[in-house]
Amino acid sequence: MVSRVIPVEQFDLVIFGGTGDLARRKILPGLFRRFRAGQMPEGSRVIAAARSEMDDADYRKQMMAAIKEFGGSETKDTESLEAFVQSLHYVAVDARGDGGWSELAQLMRDGVIRAFYFSVGPGLFGDLAERLHQHAIADRDSRIVVEKPFGRDLQSAKALNATLAQHFREDQIYRIDHYLGKETVQNLMAVRFGNALFEPLWNSHYVDHIQITVAETVGVGGRGGYYDKSGAMRDMVQNHLMQLLCLIAMEAPNQFEADAVRDEKLKVIRALQPVDFHHIVRGQYEPGSGGPSYREDVENPRSHTESFVALKAHIANMRWAGVPFYLRTGKRMKGRVSEIAVVFKDIGHSIFEGDEARHRNILAIRLQPNEGMDLQVTIKEPGPGGMRLVDVPLDMTFADALGDEQEVPDAYERLIMDVIRGNQTLFMRGDEVEAAWAWTDPIIEAWEARNDVPKHYDQGTAGPEDAMMLMHRDGRRWREIKG
Ligand code: NAP
């Protein structure tokens, strides 16, 4: 198999928050894998910046341990790991103060790509943009990578966009949603737009409904303080599920190019109808075998924040008229599953005697576990005794189909390399983020206004009973979440 990888130019990547959880678990291990794959050009550097005082040697030691812990089997290649950590540097910088900025400015080199990853709390994004500008550290070609959450409502997202726009052009701003960096998500576009098979059926004539599920088995973990002010709607639906919805529902862009793709995604968000409140279920997990209740986890006995949301959405355009999009996401659920399922209409009339089942083709796109796709098709059950029909999956797990698992890069490493290449296709544009908030804001505001109490659900289930009813009322069923 010949693969074409677009080379990257030499770069200096500054990671603000380079000692934090995200840097240790995802960014540095991901960069190491790209280094090992030969994608980090000779002389490229990673410069970590945070407030703690330490030198390059301390930082390298810490990151060596972190990469070994989170970097998978490739870290057994200690020679490469030793070589990689030599490209790491550290400078103590306070995003809100003056300390460290002139040292950082001195470290920067001309003639290489400058990228600045804002891997710090969202309250510091504006400070960093301002100081990069003030200290003339960012140049006209520099890129900034902005982590989530991008605002907590339309107003704050607009304000953040405006602050960033004072110092950076839109083509310099990379708003990250790591779901877009997943192999399967990009494959969704390849499958839709690269095959004659699917696109003709991708509309209300043939599609009965679409389900998007992002289920986690974990609770809020150590993020309780943040999460309780946010909830599943802000933390997952407004960004990740919305992005998946866009990719599944958008029209074909005229080419696979950043703004062409993002224009089409934006049209989907703008075409979303306001959600009927009878079509939303909020939930909160109770204590169970997985651990304490949500309220105990966030240390707020009266919390009304949701750890689960299920809803039915409609897109008001010709392609999707009348086709429901069912979205659900939650914590402490039965299994860890992220998938999009396109459920096609049944054939209407069966020519086979005694066949009462309603056979449906389902294209399931799995983001996890086992990134891949399967297409449920109806065939004859083998053996004598007439025509008995059975539904079987045509399964394509990418790791099996395309070689061993390590060749599928993690979302973060792919996205960071796209930043260096200057490719914004898999990043959210400012207007997209604002449109997504404009759709979710009225829902959240209504919950807050009436102090809506979420339905409780048992840990290890598929969420509150009402979420099942949301589907049952329509004569449909959620796909099973396997434990
Ligand atoms: P974290 O573990 O709390 O790390 C924060 C980092 O920022 C540390 O390196 C900290 O180091 C630095 N920092 C804090 N205040 C600073 C200041 N005033 N000036 C300079 N540096 C400062 O947070 P995280 O989990 O890595 O998350 C970082 C960002 O990624 C957040 O926006 C988060 O929402 C987002 N995110 C994280 C994850 C994840 O899995 N962790 C997933 C998705 C998104 P010092 O204290 O030494 O300054």
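In what follows, the structure referred to is the one given above.
Predicted, not measured: the structure shown is a model, and the values here were computed from it.

Novice: Can you break down the side chain of D418 residue by residue, with the values?
Specialist: Residue placement: D418 occurs in helix 13 (residues 411–421). According to the relative accessible area criterion, D418 is buried, its value standing at 9%. Setting aside chain neighbours within four positions, we find D418 in contact with Y174, N423, L426 and F427.

Novice: Kindly report on the packing of aromatic side chains, identifying the contributing residues and their values.
Specialist: Counted according to the given criterion, the structure contains 15 aromatic pairs. When the ring of F118 is compared with that of F125, the centres are 6.4 Å apart and the planes differ by 35°; the resulting orientation is tilted. Given the relative accessible area of 0%, F118 is considered buried. You can call F125 buried: its relative accessible area is 0%. Considering the side-chain rings of Y227 and Y294, the 6.1 Å spacing of their centres and the 65° angle between planes classify their relative orientation as edge-to-face. Placement of Y227 in helix 8 (residues 224–228) and of Y294 in helix 11 (residues 294–297) is noted, with a sequence separation of 67 residues between them. Owing to a relative accessible area of 1%, Y227 belongs among the buried residues under this scheme. Through a chain of ring-to-ring contacts, three or more aromatic side chains come together here, namely F16, W101, F116, F118 and F125. Here the basic side chain of R282 rests over the ring of W447, its NZ or CZ set 4.4 Å away from the ring centre.

Novice: Pulling in residues and values, what's your account of the pattern of salt bridges?
Specialist: Taken as a whole, this structure holds 44 salt bridges when the rule is applied. D139 serves as the salt-bridge partner of R114, at 3.8 Å between the closest nitrogen and oxygen. With R114 in strand 4 (residues 113–118) and D139 in the loop between helix 5 (125–134) and strand 5 (143–146), this pair connects stretches of sequence that are 25 residues apart. Given a relative accessible area of 8%, R114 falls into the buried group. Linking E306 and R282 is a salt bridge whose minimum nitrogen-to-oxygen distance equals 2.7 Å.

Novice: Tell me about the packing of helix 9 (residues 231–249) against helix 14 (residues 430–449), and name the residues and values.
Specialist: Where helix 9 contacts helix 14, the axes come no closer than 10 Å and their chain directions differ by 140°. Note on packing geometry: the crossing formed by helix 9 with helix 14 is right-handed. Contacts from M233, R234, V237, Q238, M242 and Q243 of helix 9 reach helix 14 at E432, V433, A436, W437, W439, T440, I443, I444, W447 and E448. Residues belonging to the contact of helix 9 with helix 14 are distributed by class as follows: 10 nonpolar, 3 polar and 3 charged.

Novice: Quick rundown of the site of the ligand? Include the residues and the values.
Specialist: Surveying the vicinity of the ligand reveals 23 residues, the closest of which are T19, D21, R25, S52 and V120. Residue R51 places a main-chain N or O atom 2.8 Å away from an oxygen atom belonging to the ligand. Within the side chain of S52, an N or O atom sits 2.5 Å from an oxygen atom of the ligand. The fraction of the free accessible surface of the ligand (890 Å²) that becomes covered by protein chains is 74%. For the shell around the ligand, the leading source of residues is helix 1 (residues 21–36), giving 3 residues. Of the residues that constitute the shell around the ligand, the class distribution is 10 nonpolar, 7 polar and 6 charged.

What counts and how
- Residues numbered from 1 in each chain as written.
- Predicted model: local features only at pLDDT ≥ 70, side-chain atom pairs only at ≥ 80, totals over all residues.
- Heavy atoms only, no water.
- Helix = DSSP H or I, 4+ residues; strand = E, 2+ residues; numbered from the N terminus.
- Buried < 20%, exposed > 50% of the residue type's maximum accessible area, 1.4 Å probe, protein only.
- Contact = heavy atoms within 4.5 Å.
- Phe/Tyr/Trp six-rings, centres within 6.5 Å; stacked < 30°, edge-to-face > 60°.
- Lys NZ or Arg CZ within 6 Å of the ring centre and 35° of its normal.
- Salt bridge = Lys/Arg side-chain N within 4 Å of Asp/Glu carboxyl O.
- Axes fitted to C-alpha atoms, helices over the stretch in contact; angles between N-to-C directions.
- Left-handed = near helix turned anticlockwise from the far one by under 90°.
- Nonpolar A, V, L, I, M, F, W, Y, C, P; charged D, E, K, R; others polar.
- Near = heavy atom within 4 Å.
- Polar contact = N/O pair within 3.5 Å; in protein donor to acceptor, adjacent residues only side chain to side chain.
- Areas by Shrake-Rupley, 256 points an atom, 1.4 Å probe, with all protein chains shown as cover.

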